[in-house]
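# Examination of the molecular architecture
Here's the letter readout for the chains.
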Amino acid sequence: INNPNDFSKNENFENTFGKIEFFDVKDNKKLVGINDYLILNTSQVHASINLYILPECKLIQKFYGHKQKHYAIKCDFAGTQNEYIISGSEDFYCKFWNINTFKLEDSKMFGYDAIWDIATLSENNMIALGCDEATLVLRMGNEFPSAILR
């Protein structure tokens, strides 16, 4: 999967069924879609998170800030209205991007090394970060993790 426009032709790809995820192992890219938006995270030299609006698959914003060398930036939608993109990477930072203003709202380093995966539960504003040293459970708006699993 090299072109996000390929998804607009896929009969199983509709913006009515909620969150979807695709991962292309060859190009080390992950696509995450929810409702009217799709995010594509890359591991290119200029690592970015690309936000597309559906169903046109039109690029509306690129988010920069993570430092990547080898692996894709991990990201997911978060917030009770899915108004945030939460991202993490091998640079140890977790970043909170607002998709309405396109601004970086917060950047945190929790001290558990690289962030390899992110999962969210928007209804409860919960975020799980899979790091090298631990799995962290966060509640959006809190300064510190609610739980640390080692």
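Details of the structure are given in the entry above.
Residues numbered from 1 in each chain as written. Predicted model: local features only at pLDDT ≥ 70, side-chain atom pairs only at ≥ 80, totals over all residues. Heavy atoms only, no water.

Applying the stated criterion across every chain yields a total of zero disulfides. Note on Cys94: no disulfide assigned, nearest cysteine sulfur contributed by Cys131 at a separation of 8.3 Å. With relative accessibility at 13%, the residue Cys131 sits in the buried group. (Disulfide = S-S within 2.5 Å. Buried < 20%, exposed > 50% of the residue type's maximum accessible area, 1.4 Å probe, protein only.)

In the structure shown here, the tally under the stated rule is two salt bridges. Between Lys108 and Asp106 there is a salt bridge, and its shortest N-O distance comes to 3.4 Å. Judged by its relative accessible area of 12%, Lys108 is buried. For Lys108, the salt bridge identified is with Glu143, shortest N-O distance 3.3 Å. A residue pair is termed long-range when its members are at least 10 positions apart, and Lys108 in strand E9 (residues 104-109) and Glu143 in the loop between strand E12 (135-139) and strand E13 (147-149) qualify at 35 residues. Shared partners join several salt bridges into a network, and the residues in it are Asp106, Lys108 and Glu143. (Salt bridge = Lys/Arg side-chain N within 4 Å of Asp/Glu carboxyl O. Helix = DSSP H or I, 4+ residues; strand = E, 2+ residues; numbered from the N terminus.)

Attention shifts here to unusual backbone geometry. A positive phi is found at Asn82, a non-glycine position, where the angle reads about 55°. Topologically, Asn82 is positioned in the loop between strand E6 (74-78) and strand E7 (84-88). Notably, Phe102 is not glycine yet its phi reads approximately 65°, a positive angle. Given a relative accessible area of 32%, Phe102 falls into the partly exposed group.

Turning our eyes to something else, we now look at the pairing of strand E11 (residues 126-131). Across six bridges, strand E10 (residues 115-121) lies against E11 in antiparallel orientation. Of the residues in E11, the one forming a bridge with Asp117 is Gly130. Pairing between E11 and E12: five bridges, direction antiparallel. When the bridges of E12 are listed, Leu129 appears paired with Leu136. (Pairing = 2+ DSSP bridges.)

Moving on, we come to the sheet that holds E7. Taken in spatial order, the four strands line up as E6-E7-E8-E9 in an open sheet, and their pairing is antiparallel. For this open sheet the edge positions go to E6 and E9, each flanked by a neighbour on one side alone. Within the sheet, the average angular offset between the axes of one strand and its neighbour, ignoring direction, is 20°. Across five bridges, E7 lies against strand E8 (residues 93-98) in antiparallel orientation. Across the sheet, Ile85 pairs through a bridge with Trp97, a residue of E8. (Axes fitted to C-alpha atoms, helices over the stretch in contact; angles between N-to-C directions.)

What follows deals with the environment of Ile127. Looking at where Ile127 falls in the secondary structure, it is placed in strand E11. The class for Ile127 is buried, based on a relative accessible area of 1%. Measuring from C-alpha to C-alpha, the distance between Ile127 and Ser146 comes to 9.8 Å, with 19 residues separating the pair along the chain. Not counting chain neighbours up to four residues away, the residues in contact with Ile127 comprise Ile86, Phe96, Ile118, Ala119, Thr120, Leu136, Val137, Leu138 and Met140. (Contact = heavy atoms within 4.5 Å.)

Glancing now at the nonpolar core. Nonpolar side chains in soluble globular proteins tend to be buried together. Counting residues in hydrophobic clusters, the biggest one holds 16 residues, and the most contacted among them are Ile86, Cys94, Phe110, Ile127, Leu129 and Leu136. Of all the secondary structure elements, the ones that give two or more residues to this core are E7, E8, E10, E11 and E12. Excluding anything up to four places from it in sequence, Phe110 contacts Phe92, Cys94, Leu129, Leu136, Leu138, Glu143 and Pro145. In terms of nonpolar packing, the next biggest core, distinct from the first, is built from eleven residues, Ile39, Ala47, Leu51 and Phe63 among them. (Core = buried A, V, L, I, M, F, W, Y, C linked by side-chain atoms within 4.5 Å.)

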